[in-house]
Amino acid sequence: RPDVALPVMDVAELIAAARSGNTRAVGRLLSLVESDRRAEVLAEVGSVTVPVIGVTGPPGAGKSTTIAVLVAAYRERGQRVAVLAVDPSSPYSGGALLGDRIRMAAHINDPDVLIRSVATRGHVGGLAAAVPAAIRLLGALGYDAVLLESVGVGQSEIEIAAVADPTIVILNPGAGDAVQAAKAGLLEVADLVVVNKADRDGAAQTVRDLKFETHVPVLMLVAARAEGVGDLVEAIEAHHRADTPARRAARARAQVLSLAQSRLHAHPELDALAAAVAEGRCDAYSAAESLITGSVVDSR
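Residues numbered from 1 in each chain as written. Predicted model: local features only at pLDDT ≥ 70, side-chain atom pairs only at ≥ 80, totals over all residues. Heavy atoms only, no water.

The number of helices and strands found in the protein is 13 helices and 7 strands. Expressed as a percentage of the 300 residues in the protein, the buried residues total 46%. In the protein, once contacts between residues fewer than 6 apart in sequence are set aside, the share between residues at least 24 apart is 70%. Approximately 14600 Å² of the protein is accessible, and the part contributed by carbon and sulfur atoms is 54%. (Helix = DSSP H or I, 4+ residues; strand = E, 2+ residues; numbered from the N terminus. Buried < 20%, exposed > 50% of the residue type's maximum accessible area, 1.4 Å probe, protein only. Contact = heavy atoms within 4.5 Å. Areas by Shrake-Rupley, 256 points an atom, 1.4 Å probe, with all protein chains shown as cover.)

This paragraph deals with the side chain of Arg116. The topology assignment puts Arg116 in strand S3 (residues 113-119). The buried category is assigned to Arg116, whose relative accessible area is 6%.

Turning our eyes to something else, we now look at the pattern of salt bridges. In total, this model carries 14 salt bridges according to the counting rule given. Between Arg77 and Glu237 there is a salt bridge, and its shortest N-O distance comes to 2.3 Å. Taken together, the residues Arg77 in the loop between helix H4 (63-76) and strand S2 (81-87) and Glu237 in helix H10 (residues 229-241) connect sequence positions 160 residues apart. Given the relative accessible area of 22%, Glu237 is considered partly exposed. The partner of Glu234 in a salt bridge is Arg241, with the nearest N and O atoms 2.8 Å apart. Overall, Glu234 belongs to the partly exposed group, its relative accessible area being 39%. (Salt bridge = Lys/Arg side-chain N within 4 Å of Asp/Glu carboxyl O.)

The next point concerns the nonpolar core. Core analysis: the biggest nonpolar cluster contains 36 residues, and Leu29 and Leu138 have the highest contact counts within it. Counting only elements with at least two residues in this core, the list comes to helix H1 (11-19), helix H2 (23-33), helix H3 (38-45), S2, S3, helix H5 (130-140) and strand S4 (145-150). When residues in this core are grouped by element, the largest group, 8 residues, is from H5. With residues up to four places along the chain from it excluded, the contact list for Leu29 reads Val11, Leu14, Ile15, Ala18, Val41, Leu137 and Leu141. With 26 residues, the next largest nonpolar core counts Ile67, Val229, Val233 and Ala235 among its residues. (Core = buried A, V, L, I, M, F, W, Y, C linked by side-chain atoms within 4.5 Å.)

For strand S1 (residues 52-56), the buried fraction is high: 5 of the 5 residues fall into the buried class. Inspection of the sheet shows S1 paired to S4 by 4 bridges, in the parallel sense. Bridge pairing in S4 links Val55 to Glu149. Across 3 bridges, S1 lies against strand S5 (residues 167-171) in parallel orientation. The residue bridging Val55 from the neighbouring strand is Ile168, located in S5. (Pairing = 2+ DSSP bridges.)

Pasting the structure below:
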C-alpha cells in the first residue's frame, strides 16, 4: 500500500517497494539522491530517460495552475506524473509541497502523481545537483513524465533549460511581461511561450508583441478553466517529436556546465583565492586556473 510505513531498507529494497507503488519509498529515495548517497541510488537504477517539461515565468503568471491542468491532462491518458519544484530557498518534504496551492489540491492524494520540492540551497549559480538524479530516478520508477517548475526568479528559471525539453515560459497579458521576460533572458531559453489568463484584455496584443520577440510558438491559455490545454499538450508532443541528437547534446552540455559551476561555487579554496586576488597577491586568471585544475597558486 502507498501509505505503509517503511522499516529500515537498503536501496534495492526501497526501489522494489517504490516500483510496487509505495510512495513513502519514492520519497525516501528522492531524499537519498539529495544526499551523499546519490551515486549508490543511481548505480541501482541504471540509465533511464523520461520526458521532462520545464515550466517557468515571473511570479503570479500561473505556473502552478498550468502545471495542475497539465497533470490532469496526462492523468486522463493514464500516465504517471511527477512534479518537481526547484525551490531556491527552502526544502519541503514529499506531499507537503504545494499543498497550499488550490489548483494542485486535486492531485495531492492521487498515488500516481508525485509532488516534490528540490531545494537549490548551496548551488548558487548552477543547477541543483539533485535535479538530474531525481529525474533519472523517477524515470526508473515508472513515471511517464516529469514537470519541472521554477518557483523562484532569476538564475533558477534559466537553469531549467539544462534538463527540460521543452522549456515553457508562462506570461500574463499586458503588464510588460513580454518586455521583462526578454530582458531577463527567459525568451532565450523558451521552446514554447504561453500567454496565460488569455481571457483578459490585452492578451492578443501581448501575443503579437511576443511574436516579434521570439521565433518559438506562442500559445494562449486560460489555465483556471483548462481552456487551451489540448493545444499546449499537442505543442509539447510536437516538440518532442522534433528532437534531434544535436539538441540532446546541447542540453547535456548545458547540464554538465551548470553542475560544474555549482561545484566551483562550493570549492573549498574559492574564498582564499578570491582574497588573494583582491589583495593583489595573484591575478584572477591564475586563480581561475587553480580552481579548475587544483594546481597551487603562488599568492605571496
